[in-house]
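# Structural description and commentary
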Amino acid sequence: MAKKAMMQRVTVVDLNDNSTQTVFEADGGRKRKRVSEWMRPTERFLRRGIKAQERCWTEALDRHDKSRTKKRDRWLTDGFNNSLRAIDKGCRVWGRW
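Residues numbered from 1 in each chain as written. Predicted model: local features only at pLDDT ≥ 70, side-chain atom pairs only at ≥ 80, totals over all residues. Heavy atoms only, no water.

Our focus in this paragraph is the overall build of the chain. Across its full length, the chain holds two helices and two strands. Moving toward the C terminus, one meets the helices and strands of the chain in the order β-β-α-α. Each of the 97 residues in the chain was classed as buried or not, and the buried ones make up 11%. Sequence-distant contacts, at least 24 apart, represent 35% of the contacts inside the chain between residues at least 6 apart. Of the roughly 9300 Å² of accessible surface on the chain, a fraction of 53% belongs to carbon and sulfur atoms. (Helix = DSSP H or I, 4+ residues; strand = E, 2+ residues; numbered from the N terminus. Buried < 20%, exposed > 50% of the residue type's maximum accessible area, 1.4 Å probe, protein only. Contact = heavy atoms within 4.5 Å. Areas by Shrake-Rupley, 256 points an atom, 1.4 Å probe, with all protein chains shown as cover.)

What follows concerns the packing of helix H1 (residues 40-70) against helix H2 (residues 74-95). Following both chains from N to C, one finds H1 and H2 inclined at 155°, their axes separated by 8 Å at the closest point. Comparing their axes, H2 and H1 come out roughly antiparallel. Crossing of H1 over H2 shows right-handed handedness. Here the contact of H1 with H2 is composed, by residue class, of nine nonpolar, five polar and eleven charged. (Axes fitted to C-alpha atoms, helices over the stretch in contact; angles between N-to-C directions. Parallel < 35°, antiparallel > 145°, perpendicular 65-115°, else oblique. Left-handed = near helix turned anticlockwise from the far one by under 90°. Nonpolar A, V, L, I, M, F, W, Y, C, P; charged D, E, K, R; others polar.)

This part takes up unusual backbone geometry. One non-glycine residue with positive phi stands out, namely Asp 73, at about 60°. Mapped onto the elements, Asp 73 comes out in the loop between H1 and H2.

Moving on, we come to the packing of aromatic side chains. Ring pairs (aromatic) are described by centroid distance and by the angle formed between their planes. Enumeration over the complete set of coordinates arrives at one aromatic pair. With 5.1 Å between their ring centres and 75° between their planes, Phe 45 and Trp 94 make a pair best called edge-to-face. Here Trp 94 lies in helix H2 and Phe 45 lies in helix H1, a separation of 49 residues in the sequence. Looking at Trp 94, the relative accessible area reads 33%, which means it is partly exposed. (Phe/Tyr/Trp six-rings, centres within 6.5 Å; stacked < 30°, edge-to-face > 60°.)

Let us look at H1. An ideal rise of 1.5 Å per residue puts 45 Å on 31 residues; H1 measures up with 45 Å between its terminal C-alpha atoms. Against the buried residues of H1 lie H2. (Expected span 1.5 Å × (residues − 1).)

What follows is about a positive patch on the surface. A cluster of like positive charges, contributed by Arg 32, Lys 33, Arg 34, Arg 40, Arg 44 and Lys 51, occupies part of the molecular surface. Take Arg 34: its relative accessible area is 80%, and that puts it in the exposed class. (Patch = residues over 30% accessible without salt bridge, like charges linked within 9 Å, V, L, I, M, F, W, Y side chains within 5 Å. Salt bridge = Lys/Arg side-chain N within 4 Å of Asp/Glu carboxyl O. Lys, Arg positive; Asp, Glu negative; His and termini not counted. Charge placed at Lys NZ, Arg CZ, Asp CG, Glu CD.)

Taken as a whole and judged by the stated rule, the model has six salt bridges. Among the salt bridges present, the one from Arg 68 reaches Asp 65, with a minimum N-O distance of 4.0 Å. Of this pair, Arg 68 and Asp 65 are both found in helix H1, three residues apart, which corresponds to roughly one turn of the helix. The exposure class of Arg 68 is exposed, given its relative accessible area of 54%. A relative accessible area of 32% places Asp 65 in the partly exposed class. One salt bridge in this structure joins Asp 88 and Arg 92, with 2.7 Å as the shortest N-O distance. Remark: Arg 92 and Asp 88 occur in helix H2; sequence separation between them is four residues, near one turn of the helix. A relative accessible area of 48% means that Arg 92 is categorised as partly exposed.

Encoded structure:
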């Protein structure tokens, strides 16, 4: 199967008001993900889990930093609630189908 170039834009340039030059910029389009058909559901499942973990850990770190700036040793008392909220955010990403 031959690749078809998709036209992205056409620009017309006037040179010295006598002639015009047309420039075509072609884009090959998006590259296809190279995953075999029988592994696609597994790959999607793992990718979603990794994104959920990333969201959970970044949220936990943000909440920890925010608690640290509030008061001395406040991060220790807020730790449990912060972790629950971070896990909740991660589960929201995981549950999005």
